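Inside the fold
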Amino acid sequence: MSADTICIVGVAESDEIGDLPNCSGLELQTQAARNALADAGLTKHDVDGVVAHTGGRMAALNFSEYFGLVPKWLEETFVGGASNVSHMDTAAAAIRSGICETVLVAYGTTPRQGEYVTLTPEYADDFERPFGPCFPVGAYALVAQRHMHQYGTTRAQFAKLVVESRRWAALNPKAIRRKPITIEEVLAAPPVVEPIHRLDSCLVTDAGGAYVMTTLERARKLKKKPVAFLGAGHAYTHRSIAQKEDITTSGAAISAPRALERAGLTLDDIDVFEIYDAFTSQLLIMLEDVGLCKKGEGGAFVERTDFGPGGDIPLNTSGGGLSYLHPGAFGMFLVIEAVRQLRGECGDRQVRGARHALVHGNGGVYFSEVTAILGAAA
Amino acid sequence: MSQPPKELRTLYKSELAAGVYQPTRSPEAKPFWDGCREHRLMLPQCTACKRFHFYPRAFCPYCDSRDIAWVQSAGTGSIYSFAVVRQKIEPAFAHLLPYAIAIVDVNEGVRMLSRIDGSPDGVACGKAVCVTFEELSPTLTLPLFRLS
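The rules behind these values
- Residues numbered from 1 in each chain as written.
- Chains lettered and ligands numbered in written order.
- Predicted model: local features only at pLDDT ≥ 70, side-chain atom pairs only at ≥ 80, totals over all residues.
- Helix = DSSP H or I, 4+ residues; strand = E, 2+ residues; numbered from the N terminus.
- Buried ≥ 20, exposed ≤ 12 C-beta atoms within 10 Å, placed from the backbone.
- Contact = placed C-beta atoms within 7 Å.
- Pairing = 2+ DSSP bridges.
- Axes fitted to C-alpha atoms, helices over the stretch in contact; angles between N-to-C directions.
- Domains from an automatic or database assignment.
- Nonpolar A, V, L, I, M, F, W, Y, C, P; charged D, E, K, R; others polar.
- Core = buried A, V, L, I, M, F, W, Y, C linked by C-beta atoms within 7 Å.
- Expected span 1.5 Å × (residues − 1).

So, about the overall build of chain B. When its secondary structure is counted, chain B shows three helices and seven strands. Buried positions account for 39% of the 148 residues belonging to chain B. The long-range share in chain B, meaning contacts at least 24 apart out of those at least 6 apart in sequence, stands at 48%.

Residues and elements named next belong to chain A. What the nine strands build is an open sheet, ordered β3-β2-β4-β7-β1-β8-β11-β10-β9; its pairing is mixed. Every interior strand has two partners, whereas the edge strands, β3 (73–75) and β9 (272–275), have only one. The sheet shows a mean angle of 25° between the axes of neighbouring strands, direction not considered. Note that β9 and strand β10 (residues 356–363) share four bridges and pair parallel. Bridge pairing in β10 links Phe 273 to Leu 358. Contacts between helix α1 (residues 25–40) and the sheet are confined to β1 (6–13), β4 (103–109) and β7 (207–215), with β7 contributing the most and set at about 40° to the helix. Sheet strands in contact with helix α12 (residues 331–343) are β1, β4, β7, β8 (227–236), β9, β10 and β11 (368–376), and its direction is about 175° off that of β10.

This brings us to the pairing of strand β5 (residues 110–115) of chain B. All names here are of chain B. β5 sits mainly inside the fold: six of its six residues count as buried. Side chains of β5 alternate between two faces, with Val 110, Met 112 and Ser 114 and Arg 111, Leu 113 and Arg 115 buried alike. In this structure, strand β4 (residues 99–106) lies alongside β5, joined through six bridges in antiparallel fashion. Directly across from Ala 102, in β5, lies its bridge partner Ser 114. Hairpin connection of β4 to β5: three residues between the antiparallel strands, including Gly 109 at a positive phi of 105°.

A word on the environment of Leu 374 of chain A. Residue and element names in this part refer to chain A. With respect to the secondary-structure elements, Leu 374 resides in strand β11. For Leu 374, a count of 28 C-beta atoms within 10 Å corresponds to the buried category. C-alpha separation for the pair Leu 374 and His 356, spaced 18 residues apart in sequence, amounts to 5.7 Å. Excluding residues within four positions of it along the chain, Leu 374 makes contact with Ile 8, Val 227, Ala 228, Phe 229, Leu 230, Ala 338, Val 339, Leu 342, Ala 357 and Val 359.

Right, let's get into the domain arrangement of chain A. Residues and elements named next belong to chain A. Each domain of chain A was delimited in the assignment, giving domain 1 (6–114 + 206–230) and domain 2 (131–203 + 231–376). Opposite the 28 residues of domain 1 that make contact, domain 2 presents 38 residues. Among the elements of the structure, β1, α3 (83–97), β4, β7 and β8 are those that each provide at least two residues to the side of domain 1 that touches domain 2. Here the side of domain 1 that touches domain 2 gets six residues from one element, more than from any other, and that element is α3. Considered class by class, the residues forming the side of domain 1 that touches domain 2 number 15 nonpolar, eight polar and five charged.

A separate point is the pairing of β10 of chain A. Residue and element names in this part refer to chain A. Burial analysis of β10 places eight of its eight residues in the buried class, the great majority of the element. Here β10 shows a buried face lined by His 356, Leu 358, His 360 and Asn 362 and a second buried face lined by Ala 357, Val 359, Gly 361 and Gly 363. As paired strands, β10 and β11 are joined by eight bridges and run antiparallel to one another. Note on β11: the bridge partner recorded for His 356 is Gly 375. In sequence, β10 turns back onto β11 through a hairpin of four residues, with Gly 364 there showing a positive phi of about 60°.

Next up on the list: unusual backbone geometry. Residue Pro 136 of chain A is bonded to the preceding Phe 135 of chain A through a cis peptide linkage, with omega at 5°. With respect to the helices, strands and loops of the structure, Pro 136 of chain A is situated in the loop between β4 and α4 (137–151). For the peptide bond that leads from Phe 54 of chain B to Tyr 55 of chain B, omega is 0°, which places it in the cis range. Relative to the helices and strands, Tyr 55 of chain B resides in the loop between β1 (42–46) and β2 (68–72). The phi angle at Cys 134 of chain A is positive, at roughly 55°, despite the residue not being glycine. For Cys 134 of chain A, a count of 21 C-beta atoms within 10 Å corresponds to the buried category.

All names here are of chain A. At their nearest, the axes of α3 and α12 sit 6 Å apart, and the two run at 65° to each other. Residues Ser 83, Asn 84, Val 85 and Met 88 of α3 pack against Gly 331, Met 332, Leu 334 and Val 335 of α12. Taken together, the residues of the contact of α3 with α12 sort by class into five nonpolar, three polar and no charged.

Residue and element names in this part refer to chain A. In terms of nonpolar packing, the biggest core is built from 155 residues, with Tyr 211, Met 213, Phe 229, Val 335 and Leu 374 touching the most fellow members. When residues of this core are assigned to domains, at least three map to each of domain 1 (6–114 + 206–230) and domain 2 (131–203 + 231–376). When sequence neighbours within four positions are dropped, the list of residues in contact with Val 335 reads Val 11, Asn 84, Val 85, Met 88, Tyr 211 and Val 359.

Glancing now at α4 of chain A. Taking 1.5 Å per residue, 15 residues should reach 21 Å; α4 of chain A reaches 21 Å between its end C-alpha atoms and fits that length. With twelve of 15 residues buried, α4 of chain A is to be regarded as a mostly interior element. Those residues of α4 of chain A not exposed but buried are Val 137, Gly 138, Ala 139, Tyr 140, Ala 141, Leu 142, Val 143, Ala 144, Gln 145, Arg 146, His 147 and Met 148 of chain A. The elements touched by buried residues of α4 of chain A are β5 (191–194), β6 (196–197) and α9 (280–290) of chain A together with β3 (76–85) and β4 of chain B. Positive phi appears at Gly 152 of chain A, one or two residues downstream of α4 of chain A, with a value of about 75°.

So, in C-alpha cells, the structure goes:
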C-alpha cells in the first residue's frame, strides 16, 4: 500500500433483498448507496464522482438526479455482470488523476418484477437470436457441454459447487438459500437447458448494492479500516458466443494473471476467492482459468478440494450467486463480500487472517472477464 | 435493405413487447439472407486472403480487405457444441420444445450458431451435420442443420 493507493471505504446492500414488488431498481440503488456511505461514515454531500450502469442509457445521470447528487465525474460502462468489478479500476483511475476524490458506485435491479436490463441492439444478434438460443443460459449450456465433451467433466462435479456454496450460505444470515443440499439433490433438479439444470443456476432476486472509493489519505480519517484496491486485469474476448474460438477457456485466463501482476502478488498470496457463479459449470471453468488448477482438470480438482468454511480454498464466502442473492448481475456483491472479509467483519463465516482477496467478475455470455485484487489495511 | 426481414421482427415481438430486444439491421448480409431463401448457404469469402468469415461484414475481419466474394457453401460441417432447451424460456420458441441449439463448424472454416432440425436425441459434439432450410415465410428462411 503506497500513498497513492485508492481504497474502498464503504460497502452495503439495499435495506432488503429478495422479492420486492414495492421497490424500483433506482430505489434499491439509493438504499444501498445510503447504507454504503453510512458504513464509511460519509454522507452523499461528500460524493463527487458517481458510477451506475443499470436503468437505461445515461444510467449514472438518472441515478445521480434521483439520489440528489451533482457529481463532477460520471461513468457507466456496461459489460454485463463484471461491470461493478471493472468500475473499481476506472474509479481508482479517476480519483488518482484528480478528477474527483470520492466515488460512489451503486447498483440495483428488480428482475423478480420483470425488470430486465435492456440489451443494446446488436448486429450479430440477427445471426443468433432467430434460432432460439435462450441466452444467457443457452450460451453457458453450450460451454458446459463442450467442457464435458473435451475433458470428461461430469454434472456431479459441477453440482458439488452448489453443495459448497450452501455450506457458506448457512453461515450468512442474509443468504436466501441456506439449507444444506446434496449432490444427488442438485442432479435431480429439472433440466433448464441441458446440461444445465435448475439448481446449477444462480438465484433471481431483487437487490441493490454499493461501494465507495477514495484516496488513502481520506480513507484513514474515516470510520472503518480501509481496504486497498491493488489492481485489476480485464479481458473482453467476444460479444457473441459463436465468435469465441475455444469456448472452454474464458478471458479469466488473461485477466487473472494481469490483475495479480499489477498487484505484485501471486495466487499463493490470496486468502479468499470471490468468483462469479452464475452457473456451476461457469464457476468450475473460472477456477481453471484463474489458475487454481490446470485447464481441463477442473472436475477432478473440484472433487478433491474443500471450498467450504475451514477448507482448503475459501470460495464465495457469502454463498455466492447460487445461494446468497443474484439480481441480474453479481459483480457488486463479490466486491462487498471481499471487503467485509478483509475487514474481519464476517462473523461465523470469517476467513481467519484474510489479507488478500481475489474478486473475479464474469459478464454476459462469457464475454467480459475482470479480476481485481483487494488487500487489508496495513 | 434498410430493415430486417419482417418475420424477424415478428419473431422478436414477444421480446419487443417486454422491451428486451430491438431487432437490428444487417444490410451487409443481404446475400446471406437471399441465399437462404433459395436454399443455398452463401458465405462471404475474402478474395485477398481466401478466408471465409461469419457473421457477414463488408470487409475481411482477418486481413481488413474490402474485396469480398459470396460463395455457396457445401453446407456440411460438424457440431462443436450443443445444448438442449427443455423449458419454456423464450416464448417464440416454446412450440419447438425440446430442441437442440448448436454451434456448428462449417467445413469452409466458419462457425455458426443454429438449431438442430429434428429430435435432440443422438445429437453429440463432433457429429457430422448438413444444412437444411426452414421457411418461416415467403421472405424469411433460416439455415438449420440436421445430423448427416
